[in-house]
Amino acid sequence: MSPNPSDDTYIFEGPADAPEPARDNNPPQTISELAFALKRTLEDRFGHVRLRGEISKVNHHASGHVYLTLKDDKAAIDGVVWKGAVRGLGVRPETGLEVIVTGKITSYPARSSYQIVIESMEAAGAGALLAQLERLKGKLAAEGLFEVSRKKAIPLYPRTIGVITSPTGAVIRDILHRIAERWPCRVIVWPVVVQGEAASGQVANAIRGFDAMTPDGPIPRPDLLIVARGGGSVEDLWCFNDEGLARTVAAARIPIISAVGHETDTTLIDFVSDRRAPTPTGAAEIATPVLADLRFGLSDLERRLDRAGSRLLDDRRTRLRAVARGLPARPEELVAMAQQRLDHASSRLASGLRRNNDHHARRLTIVGVRLSPTLLHRATEQRAARLEGWAARLMAGLRAKAVADERRLNVVAGRLSPPLIQRPLDQRAARLDAAAHRLAQPLPLKVQQSADRLAALSRALASLDPKRPKPGFARIDDAAGRMVTRAADLTPGQSVTLTFPDGSKGARIDGGDGPPAPAPRAAAPKTRAAPVDQGSLF
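1. Focus: the packing of helix 5 (residues 199-212) against helix 6 (residues 243-251)
Step number 1: The interhelical angle for the contact between helix 5 and helix 6, taken along N-to-C directions, is 15°, at an axis separation of 9 Å. The angle between helix 5 and helix 6 places the two elements in the roughly parallel class. Relative to helix 6, helix 5 is oriented so that their crossing is left-handed. Each of Ser 200, Val 203, Ala 204, Ile 207, Arg 208 and Asp 211 in helix 5 lies in contact with helix 6, whose residues at this interface are Leu 245, Thr 248, Val 249 and Ala 251.
Step number 2: Looking at the contact of helix 5 with helix 6, its residues break down into six nonpolar, two polar and two charged.

This is the structure:
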């Protein structure tokens, strides 16, 4: 509406526009927005941290990730080591071990908790390392890996010796020089790093590589292996205390001499190897007897291995750089969050299945209580009523179909003619004649065989006919001609007929139980013995 300037009346021009809603300078956020904003803030502010603490609650998940907790006397923080970083750790995470870890702080939005993603881990001081070493020694000793009975004998006259050590430094030179002075045999050097995180893996791979060789291959399998390194601190020699390396040494088929450090230095592989040498030079002396020098041949072999190793490393380094250009700076972060959610969900799966099973069991109990015979009978009556309705509709349909079929039959019958009917009859008569002709040939033979069989059966029947007794037997008939089969059916004085195979004779039943007395003879010159009692025929 608009006001009129001349008076106080108003002219209405339609409804007024709705007022605009007031704007909010502080809009609410969702939980996900806040959680991921905190995650980005933590990762930007604490993208690289270095912590020292004691490990507790270690969980080596089936996916390959490691979940743990770092704590000190006042606080604790959860930590995770992704599968790709586990192999590069300086120490194996164990409960109670004091370590120094490097990584970044991030959060897990599903639980609103923060954690550290660990990229590297090392033991915090020599005391922690020695405590871990003692635990490993006790574990392997309990498995029998230190037993003297399982150690292999060192060959007295080796033809090939394998040396696993650094290709540079005094150790390899001392070993080669000593072997060349004492024994003219073949030496194969497998170059490895002997200090740092990668040292234990390279030494283990070298042992497995030597073990996989064959005696008659291009490079023969050594008769003996020497694992050597110069002296150093506990931290420098710690790679030779690796559990995986110790198990590889124990499982090797080739005898191994360990020569790590000086005489006072002791590592874990010294206990599982077949022989321990105080120094690398002492290992060469233990492995070889004193003979001639092979310095030039060994030097040539060493140069070839160095060149081949350099070419292989250069080629692998070039290919790795080419592949790395197409990957993000940290590829593992693409699936890290989803993998963590999957790990937590899989850990809750078993309890969820049990709860679901209990829930369905309770529902089944409740439904079972409500069931009664009345309900079951009611359902049966309803289904019977539906069945009767279907039967009625089915009968009506069948009657309608019969009427329709009858109509179609009448139409078809009207179209039929005698020639059409006679033609299949003639065809069937021809097939019948052909079958009769085929049967005419074997039929007389079949009839003759049947006649012979009938005659044989007739002879068998005649032999069993009671009207024609067999020799030695007789049939008894009463006066009416009925055959008598039991003695109880006969009465004293009854007339009977005895039928023998050659004729019939009349007889009368005297009623006695024994045989009749014989008639006296007219002239008997002397008395004869009484006949033997043969029993009564009747």
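2. Considering the pairing of strand 4 (residues 66-71)
The side chains of a regular strand alternate between the sheet's two faces.
Step number 1: Burial analysis of strand 4 places five of its six residues in the buried class, which makes it a mostly covered element.
Step number 2: Relative to strand 4, strand 3 (residues 49-60) is paired through five bridges, and the arrangement is antiparallel. Within strand 4, the position partnered with His 60 by the bridge is Val 66.
Step number 3: What sits between strand 3 and strand 4 in their antiparallel hairpin is a turn of five residues, with Gly 64 showing a positive phi close to 105°.
Step number 4: For strand 4 and strand 5 (residues 76-81), the ladder comprises six bridges, and the chain directions are antiparallel. When the sheet's bridge partners are listed, Thr 69 is paired in strand 5 with Asp 78.

3. Digging into the packing of aromatic side chains
Step number 1: Tallied over the entire structure, the rule returns three aromatic pairs.
Step number 2: Residues Tyr 157 and Trp 183 carry aromatic rings whose centres are separated by 6.0 Å and whose planes lie at 40° to one another, so their mutual orientation is tilted. Here Tyr 157 is found in the loop between helix 3 (126-142) and strand 8 (160-165), whereas its partner Trp 183 is found in the loop between helix 4 (170-182) and strand 9 (186-191), with 26 residues between them in sequence.
Step number 3: The exposure class of Trp 183 is buried, given its relative accessible area of 14%.
Step number 4: Residue placement shows Arg 45 over the ring face of Phe 46; its charged tip is 4.7 Å from the ring centre.

4. Looking at the packing of helix 4 against helix 8 (residues 280-287)
Step number 1: Where helix 4 contacts helix 8, the two axes come as close as 8 Å, and the packing angle between them is 25°. Judged on the interaxial angle alone, helix 8 and helix 4 are roughly parallel. The element helix 4 and its partner helix 8 pack so that their crossing is right-handed. Where helix 4 approaches helix 8, its residues Val 171, Asp 174, Ile 175, Arg 178, Ile 179 and Arg 182 are matched on the opposing element by Pro 280, Thr 281, Ala 284 and Glu 285.
Step number 2: Split into classes, the residues belonging to the contact of helix 4 with helix 8 amount to five nonpolar, one polar and four charged.

5. A look at the sheet that holds strand 10 (residues 224-229)
Step number 1: Pairing is parallel in the open sheet, where five strands are placed in the order 9-8-10-11-12. This sheet does not close on itself; its edge strands, each paired only once, are strand 9 and strand 12 (275-276).
Step number 2: Across four bridges, the pairing between strand 8 and strand 10 is parallel. The residue bridging Ile 161 from the neighbouring strand is Leu 224, located in strand 10.
Step number 3: Of the strands in this sheet, strand 8, strand 9 and strand 10 are in contact with helix 4, which crosses strand 8 at around 165°.
Step number 4: Across the face of the sheet, helix 5 comes into contact with strand 8, strand 9, strand 10 and strand 11 (256-260) while running at roughly 165° to strand 8.

About the criteria used
Residues numbered from 1 in each chain as written. Predicted model: local features only at pLDDT ≥ 70, side-chain atom pairs only at ≥ 80, totals over all residues. Heavy atoms only, no water. Axes fitted to C-alpha atoms, helices over the stretch in contact; angles between N-to-C directions. Helix = DSSP H or I, 4+ residues; strand = E, 2+ residues; numbered from the N terminus. Parallel < 35°, antiparallel > 145°, perpendicular 65-115°, else oblique. Left-handed = near helix turned anticlockwise from the far one by under 90°. Contact = heavy atoms within 4.5 Å. Nonpolar A, V, L, I, M, F, W, Y, C, P; charged D, E, K, R; others polar. Buried < 20%, exposed > 50% of the residue type's maximum accessible area, 1.4 Å probe, protein only. Pairing = 2+ DSSP bridges. Phe/Tyr/Trp six-rings, centres within 6.5 Å; stacked < 30°, edge-to-face > 60°. Lys NZ or Arg CZ within 6 Å of the ring centre and 35° of its normal.

The values reported here are purely geometric and, on their own, carry no functional implication.
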